[in-house]
Amino acid sequence: MPLVPEYQAMLEALAAEPGPSIPEMSPEEARALYRMMRPLNADLTVGEVIERSVPGPAGEVPLRIYRPQAPGPHPLLAYFHGGGWVIGDLDTADAACRDLCETAGCVVASVDYRLAPEHRFPAAVDDCYAALEWVCGHAEELGGNGRLAVAGESAGGNLAAVLCLKARDEAGPKIDFQLLLYPVVDHDLSRPSYVDNSAGYILETATMRWFWEHYCPDPAGRSHPHASPLRATDHGELPPALVMTAEFDPLRDEGNLYAETLAAAGTPAEAVCCDGLVHDFFATAQQFETSRAPFKAACAALRKALR
C-alpha cells in the first residue's frame, strides 16, 4: 500500500528542511538530532520512575525503571533503545517506555548501554546482558511476578535478539518472550528492502552503513551471531517472538526472515509487517493512529505472553 498520509506529510516537511544527513554528521551531532526527533513526553504518567545504576563489565550501567500505576506484581520487561548502537539514550526511549509500562502492564527497565564508536561491539551486548542478569536477579525488589520479556527497537531489537541467544547458550536468565521492533539482525545491506527503501524513509541505507562502520568496523566481526543474530547456527529453543517490521524500511526483509528462521527452527515466532509505515514508528505512537495500532498490538502480545 502507499505510504500513510501522516508519514507522507512528515517526510515532505523533513525534506524541506535544509541540513546534513546523519552519515555527514559526527556521532555527537547525530545524537543531538535524534533527541530532537524523540523528545520527552511529560504527559505520559506512570506509577513511579526510578533512576539507578547496576554493575556492568566496564563500570556502572544506568537504568531507568518504570512501574505501572496499577498494583503489582507485574511482568518485567528489559528494554533496549534504538539508534544504530551509536545514538539514542534513556531520554529518546522514555516516551515509548512510559507507554509500554501502562499499556502493557509491565515494569519496564530501560538500559543505557555504552555507545559506539567510543565503545564498539560487543560493549553494548555486554552491558545489556549484565543489566538483564541484574533485572532477573532483583525481580522481587522490582515488583516482578516471575515473568520476563526483552524488547527493543532497531539496534535495540538486535540486542534483545542477541540476549536471547546468549541467555540460552550460557544458561542465563529465563526469558519468556522477545518483542523485536524493526530489528537489525544481519549486516547484509543488499536485500531488496535496502534497495527499494534506500533513501527518503527516515532510516536510509547509507545511515545503516554508517552505523555498522562505527559499531563494528571489522567486516568479518559483523558475521558473529552476537552482531548479526540471523547468522547464528541454531535458532531453536529460544523465547517466543513477535517481530514487527515496516513496509518502507530497509530492515524489513531481514526482520521478516528472522521470524521465518525462528519458526523453521521450532521457536514460536510471528512476523507482522506494518503496511504503509516507516522505520521507527514507535516514535509516533502517541501522535499517529496508524502507528498507535501496531503499538497496541505489541502491548497486547506482551500481555498475552506474560499473563
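Data block above holds the structure.
For the structure given in this document, a descriptive report is provided here.

What follows covers the overall build of the chain. The secondary structure content of the chain amounts to ten helices and eight strands. Rg of the C-alpha trace for the chain: 18 Å, near the compact-globule value of 19 Å for 307 residues, within the 12% margin. Seen through its C-alpha atoms, the chain measures out along the principal axes to roughly 50 × 45 × 35 Å. Put simply, the chain has 307 residues, and 57% of those count as buried. A separation of at least 24 residues holds for 79% of the contacts in the chain among residues at least 6 apart in sequence.

It is worth spelling out empty space enclosed by the protein at this point. The final tally for this structure, using the stated rule, is one cavity of 30 Å³ or more. Here the largest cavity defines a volume of roughly 30 Å³. Here the residues of the lining of the largest cavity are counted per class, giving two nonpolar, three polar and two charged.

As enumerated under the stated definition, the model contains 20 salt bridges in all. Among the ionic pairs, Asp280 bridges to Arg38, the shortest N-O distance being 2.7 Å. With Asp280 in the loop between strand S8 (269-278) and helix H10 (289-306) and Arg38 in the loop between helix H2 (27-37) and strand S1 (48-56), the pair connects residues that are 242 residues apart, well separated along the chain. Judged on exposure class, the residue Asp280 and its partner Arg38 are both buried. Here Asp99 ties to Arg292 by a salt bridge, and the two come within 2.4 Å at their closest N and O atoms.

This next bit is on the packing of helix H4 (residues 123-137) against helix H6 (residues 155-169). Closest axis-to-axis distance for the H4/H6 pair is 10 Å, and the angle between their directions is 65°. If you check the angle between H4 and H6, you find them roughly perpendicular. In this structure, H4 meets H6 at a crossing whose hand is right-handed. Residue-level inspection shows Ala124, Val125, Cys128, Tyr129 and Leu132 of H4 in contact with H6, the latter providing Leu159, Val162, Leu163, Lys166 and Ala167. Of the residues that constitute the contact of H4 with H6, the class distribution is nine nonpolar, no polar and one charged.

Turning our attention to the pairing of strand S2 (residues 59-67). Of the pairings in the sheet, the one linking S1 to S2 comprises nine bridges and is antiparallel in character. By the bridge assignment, Arg52 is partnered in S2 with Leu63. In this structure, the hairpin formed by S1 and S2 is closed by a connection of two residues. Relative to strand S4 (residues 107-111), S2 is paired through four bridges, and the arrangement is antiparallel. Looking at the pairing, Leu63 lines up with Val111 of S4.

Let us look at the layout of surface pockets. Quantified by volume, the largest pocket comes out at close to 1,000 Å³. Every residue lining the largest pocket is counted, 35 residues in all, and those nearest its centre are Leu14, Ile22, Leu33, Met37 and Ile202. Secondary-structure elements contributing two or more residues to the lining of the largest pocket are helix H1 (5-15), H2 and helix H8 (205-215). For the lining of the largest pocket, the element with the most residues is H1, which contributes five residues. Split by residue class, the lining of the largest pocket holds 21 nonpolar, ten polar and four charged.

A separate point is the state of the cysteines. Enumeration over the complete set of coordinates arrives at zero disulfides. Between Cys101, a cysteine without a disulfide, and Cys106, which holds the nearest cysteine sulfur, the sulfur-to-sulfur distance is 7.9 Å.

Turning to the environment of Arg67, a few remarks are in order. Locating Arg67 in the fold gives a position in strand S2. Note on Arg67: relative accessible area 22%, which makes it partly exposed. Once the C-alpha coordinates of Arg67 and Ile50 are considered, the two residues, 17 residues apart in sequence, prove to be 8.4 Å apart. Setting aside its immediate chain neighbours within four residues, Arg67 contacts Val46, Gly47, Glu48, Ile50, Cys101, Glu102, Val107, Glu141, Leu142 and Gly143. A polar contact of 3.2 Å, which involves the side chain of Arg67, links it to the backbone oxygen of Leu142.

Rules behind the numbers
Residues numbered from 1 in each chain as written. Predicted model: local features only at pLDDT ≥ 70, side-chain atom pairs only at ≥ 80, totals over all residues. Heavy atoms only, no water. Helix = DSSP H or I, 4+ residues; strand = E, 2+ residues; numbered from the N terminus. Rg over C-alpha atoms; globule rule 2.2 N^0.38 Å. Buried < 20%, exposed > 50% of the residue type's maximum accessible area, 1.4 Å probe, protein only. Contact = heavy atoms within 4.5 Å. 1 Å grid on protein atoms, 1.4 Å probe; cavity = no way out; pocket = protein on both sides within 12 Å on 5 of 7 lines; lining within 4 Å. Points joined across faces, edges and corners; volume = space filled by probe spheres on them. Nonpolar A, V, L, I, M, F, W, Y, C, P; charged D, E, K, R; others polar. Salt bridge = Lys/Arg side-chain N within 4 Å of Asp/Glu carboxyl O. Axes fitted to C-alpha atoms, helices over the stretch in contact; angles between N-to-C directions. Parallel < 35°, antiparallel > 145°, perpendicular 65-115°, else oblique. Left-handed = near helix turned anticlockwise from the far one by under 90°. Pairing = 2+ DSSP bridges. Disulfide = S-S within 2.5 Å. Polar contact = N/O pair within 3.5 Å; in protein donor to acceptor, adjacent residues only side chain to side chain.

So, to be careful, I would describe these as geometric facts and stop short of saying anything about function.
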